[in-house]
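# Structural overview for review
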Amino acid sequence: MRLLIKNIAHIYSANTAEKFGSILDKENAQIIIEDGLIKDIQNNSENINSNDYDRIVDARSGVVLPGFVDAHTHPVFWHTREDEFIMRIQGKSYEEIAEAGGGIRNSVRKFRQADYDSIKLVTKSRIARFAEYGTTTIEAKSGYGLSLVDEMRSLQIINEINAEQPIEMVPTFLGAHEIPDEYRNQREAYLDLLINEMIPAVKEKELAKYCDVFCEQGVFTVDESRRILKAANAYGLKSRIHADELSSFGGAELAGEIKAVSADHLVKISEQGIRALAENNVIPILLPGTTFFLGKNDYAPARKLIQAGCEIALATDFNPGSSATQNMQLIWTISAIKLGLLPQEILWATTIIPARSLGLAERIGSIEPGKQADLIILDIPNLNYLPYFYGMNHVSKTLKKGEIIYERA
Ligand code: NIG
Ligand code: FE
């Protein structure tokens, strides 16, 4: 199978031979794809014999980027929470709603009542929409089940959908998303369930690659998070952590201590936390869409993290409570305006760095010969235009492993 994408005004990609933010900009180009891999990148003027190709795609003087890699999503949920969104608009905070029994626990109650096939169907239709907005790989967390059977159902759904459609999904076990209703007065019993039953079951069925914990005031303490993540480590699950989102809580310091793969959110990260991440090669995954959607004014210190030597990633945090979007292009705009990041930096942070955080950077995340042809074609004249002309979907085609998986009508 040979495919040619011709008439590209600019190909932009992280240039992995260079440092964070330094990109390749190839003008007037064409890309040859063979058997799902990038075979060659040429000048548009190079002569081609159309008989050599099974398909020729005209980029119409648009831009080609690597498909986005969204390394923090919670896509397996049942009902949505627009009612809580309205409560927030009227002045209640996310924390107040959670303390009153709403929030994650609200989602958990509804998830447990829904049948497997219905949850799977609605989740699968959500996953298809990632392609529409240019995302070709996601990390997907469980975390709305919070019982042995319901967490297994959630991970099983992720694994099944991963096998049935083109978007790659990397599963993360997030049984430590919250303490469910029936364990509110017996935290230790829930930790016991997580450590001695759920984690071994996840491992036995090979349902996840990572383990995550919501380490936060009112959710899991630093000590509890350490116990859970170390137990998961012993079963071969590497760590990701929801850290320092709502308060400066020590999550980033813990991420450094246990050499987590990523520490996510980090709105309230301390100076010590920043050093801990930089010194231990923990990837900060910033989620500015969540800060925006929660109506807060403090954003994660992206520039400080970069200056400390960290290579950052950006993700949607797609979930029904604190960030109801799957659109990475919107994250580009919020990151530019609220984190002060330049398009070249955002390109790294939405492609190669999140790919690295998922252990996939050898195969995806940049446009180089030999890499998987996960590409998007956008109707824009240049890279700066992407965050600038905002709230729009600029993607005209999405390719996964060299196959067109989304095409604008
Ligand atoms: O990343 N922080 C914890 N989990 C999600 C919120 C989930 C929810 O509200 O349903 C987050 O923001
Ligand atoms: Fe999250």
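What this report covers is the structure whose coordinates are included nearby. All values derive from a computational prediction rather than experimental measurement.

## Section: the packing of helix α4 (residues 116-132) against helix α5 (residues 148-164)
Relative orientation of the contacting elements α4 and α5 amounts to 50°, with a least axis distance of 10 Å. With respect to each other, α4 and α5 are oriented oblique. Here the hand of the crossing between α4 and α5 comes out right-handed. Note on element contacts: α5 touches α4 through R153, Q156, I157, E160, I161 and E164, opposite Y116, I119, K120, T123, K124 and I127. A per-class count over the contact of α4 with α5 returns five nonpolar, two polar and five charged.

## Regarding the coordination of the iron ion (ligand 2)
Those protein atoms acting as donors to the iron ion (ligand 2) are H72 (NE2), H74 (NE2), H242 (NE2) and D317 (OD), and they sit at 2.1 to 2.4 Å. Along the chain, the residues donating to the iron ion (ligand 2) fall in the pattern H-x1-H-x167-H-x74-D. Here H242 lies in strand β9 (residues 238-243) and H72 lies in the loop between β5 (68-70) and α1 (82-89), a separation of 170 residues in the sequence. The exposure classification of H72 matches that of H242, with both residues buried.

## Concerning the pairing of strand β3 (residues 37-43)
As a general feature of sheets, a regular strand has side chains that alternate between the two faces. Here strand β2 (residues 23-34) runs beside β3; their pairing, made up of six bridges, is antiparallel. The residue bridging I31 from the neighbouring strand is I41, located in β3.

## Regarding α5
One full turn of an α-helix is made of 3.6 residues, so residues set three or four places apart face in the same direction. For α5, built from 17 residues, the straight-helix expectation of 24 Å at 1.5 Å per residue is met to within 8% by its first-to-last C-alpha distance of 24 Å. Listed in full, the buried residues belonging to α5 are D150, E151, M152, R153, S154, L155, I157, I158 and I161. Residues of α5 that are buried sit in contact with α3 (104-113), α4, β6 (135-141), β7 (168-176) and α6 (187-204).

## Digging into the packing of helix α12 (residues 328-339) against helix α13 (residues 343-350)
Direction vectors running N to C along α12 and α13 enclose 135°, while the axes themselves pass 10 Å from each other. Judged on the interaxial angle alone, α13 and α12 are oblique. Crossing handedness for the pair α12 and α13: right-handed. Counting all contacts with α12, which are made through M328, W332, S335 and A336, the residues of α13 involved are P343, I346, L347 and T350. Looking at the contact of α12 with α13 residue by residue, the classes come out as six nonpolar, two polar and no charged.

## Notes on a nonpolar patch on the surface
Nonpolar side chains collect at one region of the surface, where F85, I86 and I89 lie side by side and expose about 270 Å² of accessible area between them. Within the element layout of this structure, I86 appears in helix α1. Accessibility expressed as a relative area gives 41% for I86, which makes it partly exposed.

## Here's the deal with the packing of aromatic side chains
Overall, the coordinates contain ten aromatic pairs when judged by the stated rule. Aromatic pair F130 and F318: ring centres 5.9 Å apart, planes at 80°, arrangement edge-to-face. Taken as a pair, F130 in helix α4 and F318 in the loop between β12 (313-314) and α12 lie far apart in primary sequence, 188 residues in all. Each member of the pair, F130 as well as F318, is classed as buried. Ring pairs connect the aromatic residues F77, F130, Y144 and F318, which therefore count as one cluster. Against the face of F77 rests R126, its NZ or CZ located 3.6 Å from the ring centre. When the ring centre of Y210 is taken as origin, the NZ or CZ atom of R240, which lies over that ring, is 4.5 Å away.

Criteria and cut-off values
Residues numbered from 1 in each chain as written. Chains lettered and ligands numbered in written order. Predicted model: local features only at pLDDT ≥ 70, side-chain atom pairs only at ≥ 80, totals over all residues. Heavy atoms only, no water. Axes fitted to C-alpha atoms, helices over the stretch in contact; angles between N-to-C directions. Helix = DSSP H or I, 4+ residues; strand = E, 2+ residues; numbered from the N terminus. Parallel < 35°, antiparallel > 145°, perpendicular 65-115°, else oblique. Left-handed = near helix turned anticlockwise from the far one by under 90°. Contact = heavy atoms within 4.5 Å. Nonpolar A, V, L, I, M, F, W, Y, C, P; charged D, E, K, R; others polar. Donors = N, O, S within 2.8 Å, 3.2 Å for Na, K, Ca; no water. Buried < 20%, exposed > 50% of the residue type's maximum accessible area, 1.4 Å probe, protein only. Pairing = 2+ DSSP bridges. Expected span 1.5 Å × (residues − 1). Patch = residues over 30% accessible without salt bridge, like charges linked within 9 Å, V, L, I, M, F, W, Y side chains within 5 Å. Areas by Shrake-Rupley, 256 points an atom, 1.4 Å probe, with all protein chains shown as cover. Salt bridge = Lys/Arg side-chain N within 4 Å of Asp/Glu carboxyl O. Phe/Tyr/Trp six-rings, centres within 6.5 Å; stacked < 30°, edge-to-face > 60°. Lys NZ or Arg CZ within 6 Å of the ring centre and 35° of its normal.

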